[in-house]
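# Remarks on the overall topology
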Amino acid sequence: MSTVSEPVSLSAPRGADAGLTPKQLADKYGLSVSGRRPGLIAYTKQLWARRHFIWAFATARLVAQYTDAKLGQLWQVVTPLLNCAVFYLVFGVILNNKDGFPKYIAWLCIGVFVFQFTQSAVQSGTRAISDNLGLIRALHFPRASLPIAFTVIQLQQLLISMVVLVVVVVATGVKPSVTWVLVIPALILQSMFNTGVALIMARIGAKTSDISQLIPFAMRAWLYMSGVMYSIQDRIDKWTPAIQWLMTVNPASVYMDLIRHALAPEIYNKHIYGEHAQKLPHHLWAMGLAWGVVLLAIGYVFFWKAEEEYGRG
Amino acid sequence: MADIDLSKNDIVRDADVAREPTVIVDDVHIVYRVHGAGSGKGSATSAVSRILSRKRSAGVREVHAVRGISFTAYKGEAVGLIGSNGSGKSTMLAAIAGLLPTEKGGIYTNGQPSLLGVNAALMNELTGERNVILGCLAMGMPPAEVRRRYDDIVEFSGINEKGDFISLPMRTYSSGMGARLRFSIAAAKTHDVLLIDEALATGDQAFQQRSKKRIEELRKSAGTVFLVSHDNSSIREVCERTIWIEHGELVMDGPTDEVVGRYERGERP
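Presented here is a report on the structure given in the accompanying data block. (Residues numbered from 1 in each chain as written. Chains lettered and ligands numbered in written order. Predicted model: local features only at pLDDT ≥ 70, side-chain atom pairs only at ≥ 80, totals over all residues. Heavy atoms only, no water.)

Next up on the list: the overall build of chain B. Each helix and strand in chain B was counted, giving nine helices and nine strands. Classification of the 269 residues of chain B by burial places 51% in the buried group. Taking the contacts inside chain B whose residues are at least 6 apart along the sequence as the reference set, 72% of them involve residues at least 24 apart. (Helix = DSSP H or I, 4+ residues; strand = E, 2+ residues; numbered from the N terminus. Buried < 20%, exposed > 50% of the residue type's maximum accessible area, 1.4 Å probe, protein only. Contact = heavy atoms within 4.5 Å.)

Shown next, in the form of structure tokens:
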């Protein structure tokens, strides 16, 4: 048996490198520190390289989600429709919101579907990291792939729901018009906003799992304040300027109004509905654009700042 | 076996030639912080009193998993990591992969070391076919390469030997079949530094032989392979160098025959 001192030479650098410290050796051969956060541009490049994974992951999740349910992916459409029915019963029939309101069912359904899009982005964003720790601890990929993939899932679901929404809107007597095209830029802006929010929530949710207990309350408060089942503009004059401003810039109602106006412009037409016609706040597109761009940028940088910490400890 | 012996001789003969390092582990300490490890004080009243008294959660305990390990691995090496359960082998591997932060010291690597752990990306509800594609994309392969390698992966896994199983959901697979498919996906990509944690003990005899051959190929085309295993015979077959870790400390680092021999006899130097 050989001595213990001899095997150490397997680790030690040989020949020209003999005597170098580990740090010097690492520098000489250009080795990098394992697990360090890449720069913002390098990170974006890595993320772009994983775009096929993000898409495949989102599609796979969507398919896997409903394999146990007998009705399968039909639930994607049935759930928001049931929500619409409940809201119609409570706010339309019992609280009598619908009388005189132009196309109340179309108004309500668009509101519910659009709000649901943001709501599920927040919810799945919060769990994006904590529910996928196994994946994070096993493989290397830009972690932002996960919240983004979950937003893609919501978008895919919304596109299916959109078909149903169009059927509902047409059934209430709204005629198809060229303004329908505006749904596309509005949804793109809302997707950007949702991605930003999902990234922010993903970082918070990864650190403090308590937050997922609070989310349902926050989302319900947001839902009731966003004018899903009533009109903010009908009441806005009664409020103080601060609340007026808050209710107007609320991103959920901004995107809701954009899509309502795109799908059913006649709701806002004074010549048809006179005093019952809905009013649109000013600068709606500017607000939608600002929310989308700013939130996406903030969320992306905020998430990237903690990149090396996800899935640890 | 013949070429493994050859490479062993190379190391002895090339004593004066500078080698290219791929992984440098420099005096690394790793500490786990375990939350809620206290005496079961997760009740509501204790949570409230903890908030009121503004104390940091009392249930945090520190586990010093790795204490000052240093070694350097070079291109072309297959390094085995042995030691009893809880000695810090898997922790060391995760730290090399960059998945765990070090408390002190540094780990320098050539390229991105990958843990052979693609199983986490797979979904049991999906067909084997979709899982192959998803797993490859998760490892960062471009779609064209996935299409090119798809047939090889399925053939290597041997899933279709007993009928068309690849188009069935993975939840219908036996545990051995699932493990084989996971290994086949993970081993499809060539890595600069490949880290394998107890993945060789899966599948039947024929599959184990095939996977050992595949690791040998990966090692030649890639750079360095690390293998954690309690199966000393697979360490002997695959690795020419072995590091013995105990209580988070490096006990011995040397040629496999010598280190594993001493480990089996329980002779700590």
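The helix and strand tally for chain A stands at 14 helices and one strand. Going through the 313 residues of chain A one by one, you find that 48% of them count as buried. For chain A, the share of sequence-separated contacts (at least 6 apart) that also reach a separation of at least 24 residues comes to 79%. Put simply, chain A shows about 15,100 Å² of open surface, and 67% of that area lies on carbon and sulfur atoms. (Areas by Shrake-Rupley, 256 points an atom, 1.4 Å probe, with all protein chains shown as cover.)

Below, the discussion takes up the sheet that holds strand β8 (residues 241-246) of chain B. Residues and elements named next belong to chain B. What the six strands build is an open sheet, ordered β5-β6-β7-β3-β8-β9; its pairing is mixed. Strands with a single pairing partner mark the edges of an open sheet, and in this sheet they are β5 (114-115) and β9 (249-255). Sheet topology note: the β5/strand β6 (residues 193-197) ladder contains two bridges and is parallel. If you follow L115 over to β6, its bridge partner there is L195. (Pairing = 2+ DSSP bridges.)

What follows concerns the packing of aromatic side chains. Residue and element names in this part refer to chain A. In total, this model carries 14 aromatic pairs over all chains according to the counting rule given. Residues F53 and F57 carry aromatic rings whose centres are separated by 5.6 Å and whose planes lie at 45° to one another, so their mutual orientation is tilted. Of this pair, F53 and F57 both sit in helix α3 (residues 51-65), four residues apart, which is roughly one turn of the helix. Residue F57 is classed as buried on the basis of its relative accessible area, which comes to 2%. Ring-pair connections join several aromatic residues into one group, and the members of that group are F53, F57, F141 and F150. (Phe/Tyr/Trp six-rings, centres within 6.5 Å; stacked < 30°, edge-to-face > 60°.)

It is worth spelling out the interface of chain A and chain B at this point. Contacts between chain A and chain B engage 46 residues on the former and 53 residues on the latter. Summing both sides of the interface, chain A and chain B together bury roughly 4,200 Å²; the carbon and sulfur share of this comes to 62%. For the pair chain A and chain B, the number of links is zero salt bridges. The tally of links from chain A across to chain B stands at one residue pair in polar contact (both at pLDDT 80 or more). Elements with a contribution of two residues or more to the side of chain A that touches chain B: α1 (22-28), β1 (32-33), α3 and α6 (133-138) of chain A. Taken together, the residues of the side of chain A that touches chain B sort by class into 24 nonpolar, 13 polar and nine charged. Here two bridges tie β1 of chain A to strand β4 (residues 104-109) of chain B, and the two strands are oriented antiparallel to one another. Opposite V33 of chain A, over in β4 of chain B, you have Y108 of chain B as the bridge partner. (Buried area = accessible area lost by both parts, 1.4 Å probe. Salt bridge = Lys/Arg side-chain N within 4 Å of Asp/Glu carboxyl O. Polar contact = N/O pair within 3.5 Å; in protein donor to acceptor, adjacent residues only side chain to side chain. Nonpolar A, V, L, I, M, F, W, Y, C, P; charged D, E, K, R; others polar.)

With antiparallel pairing, four strands are arranged side by side in an open sheet as β1(A)-β4(B)-β1(B)-β2(B). One side of each edge strand has no neighbouring strand; the edge strands of this open sheet are β1 of chain A together with β2 (61-74) of chain B. Packing of helix α3 (residues 89-96) of chain B onto the sheet brings it into contact with β1 (21-34), β2 and β4 of chain B, and relative to β1 of chain B it is tilted by some 115°. (Axes fitted to C-alpha atoms, helices over the stretch in contact; angles between N-to-C directions.)

What follows covers the side chain of R260 of chain A. All names here are of chain A. Tracing the backbone through its elements, the reader meets R260 in helix α12 (residues 251-263). A polar contact is formed between the side chain of R260 and the backbone oxygen of W107, at a distance of 3.1 Å. Filtering out sequence-adjacent residues up to four positions away, R260 remains in contact with W107, I110, G111, G227, V228, P265 and Y268.

Quick look at the pattern of salt bridges now. Pairing between side chains becomes possible if they bear opposite charge and their charged atoms approach one another. Within the structure shown, the criterion is met by 15 salt bridges over all chains. For K23 of chain A, the salt bridge identified is with D27 of chain A, shortest N-O distance 3.2 Å. One end of the pair, K23 of chain A, and the other, D27 of chain A, are both in helix α1, four residues apart, so they sit about a helical turn from each other. A salt bridge links D27 of chain B to K104 of chain B, with the shortest nitrogen-to-oxygen separation between them at 3.5 Å. Taken as a pair, D27 of chain B in strand β1 and K104 of chain B in strand β4 lie far apart in primary sequence, 77 residues in all. With a relative accessible area of 29%, D27 of chain B lands in the partly exposed category. Residues joined in a network through salt bridges with shared partners are R19, E77, R241 and D253 of chain B.

Okay, the packing of helix α6 (residues 175-186) of chain B against helix α7 (residues 205-221) of chain B next. Residue and element names in this part refer to chain B. Packing of α6 against α7 leaves a shortest axis separation of 11 Å and a crossing angle of 15°. Classified by the angle between their axes, α6 and α7 sit roughly parallel to one another. Note on packing geometry: the crossing formed by α6 with α7 is left-handed. Along the contact surface, α6 presents R180, F183 and S184, while α7 presents F207, S211 and I215. Here the residues of the contact of α6 with α7 sort into three nonpolar, two polar and one charged. (Parallel < 35°, antiparallel > 145°, perpendicular 65-115°, else oblique. Left-handed = near helix turned anticlockwise from the far one by under 90°.)

Turning to the environment of V168 of chain A, a few remarks are in order. Residue and element names in this part refer to chain A. On the secondary structure map, V168 appears in helix α7 (residues 145-171). C-alpha of V168 to C-alpha of I105: the two residues are 63 residues apart in sequence and 8.2 Å apart in space. Excluding residues within four positions of it along the chain, V168 makes contact with L81, I105 and C109.

Phi is positive for K103 of chain A, which is not a glycine, with a value near 45°. Within the element layout of this structure, K103 of chain A appears in the loop between α4 (75-94) and α5 (104-128). Located in the positive-phi region is D27 of chain B, a residue other than glycine, with phi close to 45°.

Moving on, we come to the pairing of β1 of chain B. Residues and elements named next belong to chain B. Sheet topology places β1 next to β2; 11 bridges connect them, and they run antiparallel. Directly across from R33, in β2, lies its bridge partner E62. Where β1 lies against β4, five bridges are found, and the strand directions are antiparallel. Looking across to β4, one finds that V23 is bridged to T109.

Honestly, it's all geometry; don't read function into it.
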